[in-house]
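Summary of the model geometry
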Amino acid sequence: MTEHFLDVKDLKIHFPTDDGLVRSVDGLSFQLERGKTLGIVGESGSGKSVTSLGILGLHKGGRARVSGEIWLDGEELVGASAEHVRRLRGKKMAMIFQDPLSSMHPYYTVGAQIIEAYRIHHKVTKKVARKHAIEMLGRVGIPQPDRRVDSYPHEFSGGMRQRAMIAMALSCDPELLIADEPTTALDVTVQAQILDLMRDLQRDFNAALIIITHDLGVVAELSDDILVMYAGKAIEYGAAEDIFERPEHPYTWGLLGSMPRLDREPTERLLPIKGSPPSLINVPPGCAFHPRCAYAGRTGGLSTTAVPELAETEGGHLVRCHLSREQRREVWATEIKPNLESA
Ligand SMILES: Nc1ncnc2c1ncn2[C@@H]1O[C@H](COP(=O)(O)OP(=O)(O)O)[C@@H](O)[C@H]1O
Ligand code: SF4
Ligand SMILES: [Mg+2]
């Protein structure tokens, strides 16, 4: 049992493939309460989407091997039937994807899709459901919602489509909302508008919100907590304030350095992390980040031989690194922070 609204414990999601076992999620634990926002951040291929699909129960019946526990409002979902979790989707939990076109049907109007989603869980007439759909479209900032309700998805701009998908996800009043790269496909201005909208809605609906992104900047202002993922594991986890002001993991330092900045070209990254994330079939031994880490040589060989534990450094702030707390704090204060500030 658990007292948290969402409590993920030692979640593992592995895919057997012809090339070997893909360890997409490898022992992930986190908690989230109603009305709070968790940002899950990591480069492409770190296991973020597989995690979110796992919470929604969308690996059930597939080839994935899922273990661990997912407690949602007192119910355990890893062991629950596919049918039971399917009923919770849309009613208790909903998801917003990067690409609305992939989750909206091209042949039905936006309104028809919101109406259908709503009527699955609410015994109301079409007329009442339509009124509700128009209200929701207005609520997410779509102009003339009473007319746009009859538009098809391709008649919307990217930003409007994303708003419509948010309306669809929220129309059933979910208690847990997972947004997977909700703004990645949008330009910077629209991105900011959608993030503002999500913040407002989050406050009004009091849902628990998970925002998944490769860009720390996206979750900076929205998140209460941040979990940084690398190669299927959490490498740093804590209050957003701790992650931004006192980050202790070399990978998080890298993400901070490579955040796009408003005063520069979006494509221009400040200090990109060298190399690329590992294949999740052949994860490097020891610390999975060691081939890319400038500090691996300072741990007396541990970085290449032993998997570091995710350990508390201070007050709920967890770090997975063999450097001592003193080493990490010194590097941050003397090498990384001054560099970021002057860059
Ligand atoms: N159905 C699947 N079968 C095999 N491997 C998968 C499957 N789904 C995802 N993966 C692998 O799991 C890893 C993590 O993927 P994903 O969660 O999509 O990453 P992210 O969302 O962080 O970019 C990737 O290496 C991906 O290739
Ligand atoms: S354990 Fe070693 S390789 Fe991994 S982040 Fe820490 S210093 Fe770098
Ligand atoms: Mg993804």
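**Focus: the site of ligand 1**
Close to ligand 1 lie 13 residues, the nearest being Phe-15, Ser-24, Lys-48, Ser-49 and Val-50. Secondary-structure elements contributing two or more residues to the shell around ligand 1 are strand E1 (6–17), strand E2 (20–32) and helix H1 (48–55). Per element, the largest residue contribution to the shell around ligand 1 is 3 residues, and it comes from H1. Looking at side-chain class alone, the shell around ligand 1 contains 4 nonpolar, 8 polar and 1 charged residues.

**Here we look at unusual backbone geometry**
Even without glycine at this site, Gln-144 takes up a positive phi of about 50°. Mapped onto the elements of the fold, Gln-144 is located in the loop between helix H5 (126–139) and helix H6 (145–148). Residue classification places Gln-144 among the exposed residues on the basis of 11 C-beta atoms within 10 Å. Backbone geometry places Asn-206, a non-glycine residue, at a positive phi of 55°. Inspection of the secondary structure assignment puts Asn-206 in the loop between helix H8 (188–205) and strand E8 (208–213).

**As for the pairing of strand E3 (residues 37–41)**
Successive side chains on a regular strand alternate, one facing one side of the sheet and the next facing the other. Most of E3 sits inside the fold, with 5 of its 5 residues counted as buried. Burial along E3 is two-sided: Thr-37, Gly-39 and Val-41 facing one way and Leu-38 and Ile-40 facing the other are all buried. Both E3 and E8 contribute to a ladder of 5 bridges, which runs parallel. Pairing of Gly-39 across the sheet is with Ile-211, part of E8. In this sheet, strand E9 (residues 225–230) lies alongside E3 in parallel orientation, the contact comprising 4 bridges. Opposite Gly-39, over in E9, you have Ile-226 as the bridge partner.

**Comments concerning the environment of Asp-99**
As for its position among the elements, Asp-99 is in the loop between strand E6 (93–96) and helix H3 (100–103). C-beta crowding within 10 Å serves as the criterion here: with 15 such atoms nearby, Asp-99 is assigned to the partly exposed category. As a C-alpha pair, Asp-99 and Met-165 span 66 residues in sequence and 9.4 Å in three-dimensional space.

**Digging into the packing of H5 against helix H7 (residues 158–170)**
Each pair of packed helices gets described by two things: the angle between the helix axes and the distance between those axes. Look at H5 against H7: their axes get within 9 Å of each other, and the N-to-C directions meet at 130°. When the axis of H5 is compared with that of H7, the two are oblique. At the point where H5 passes H7, the crossing takes the right-handed sense. Here H5 contributes Met-136, Leu-137 and Arg-139 to the contact with H7, which in turn contributes Ala-164, Ala-167 and Leu-170.

Calculation rules
- Residues numbered from 1 in each chain as written.
- Chains lettered and ligands numbered in written order.
- Predicted model: local features only at pLDDT ≥ 70, side-chain atom pairs only at ≥ 80, totals over all residues.
- Near = placed C-beta within 6 Å.
- Helix = DSSP H or I, 4+ residues; strand = E, 2+ residues; numbered from the N terminus.
- Nonpolar A, V, L, I, M, F, W, Y, C, P; charged D, E, K, R; others polar.
- Buried ≥ 20, exposed ≤ 12 C-beta atoms within 10 Å, placed from the backbone.
- Pairing = 2+ DSSP bridges.
- Axes fitted to C-alpha atoms, helices over the stretch in contact; angles between N-to-C directions.
- Parallel < 35°, antiparallel > 145°, perpendicular 65-115°, else oblique.
- Left-handed = near helix turned anticlockwise from the far one by under 90°.
- Contact = placed C-beta atoms within 7 Å.

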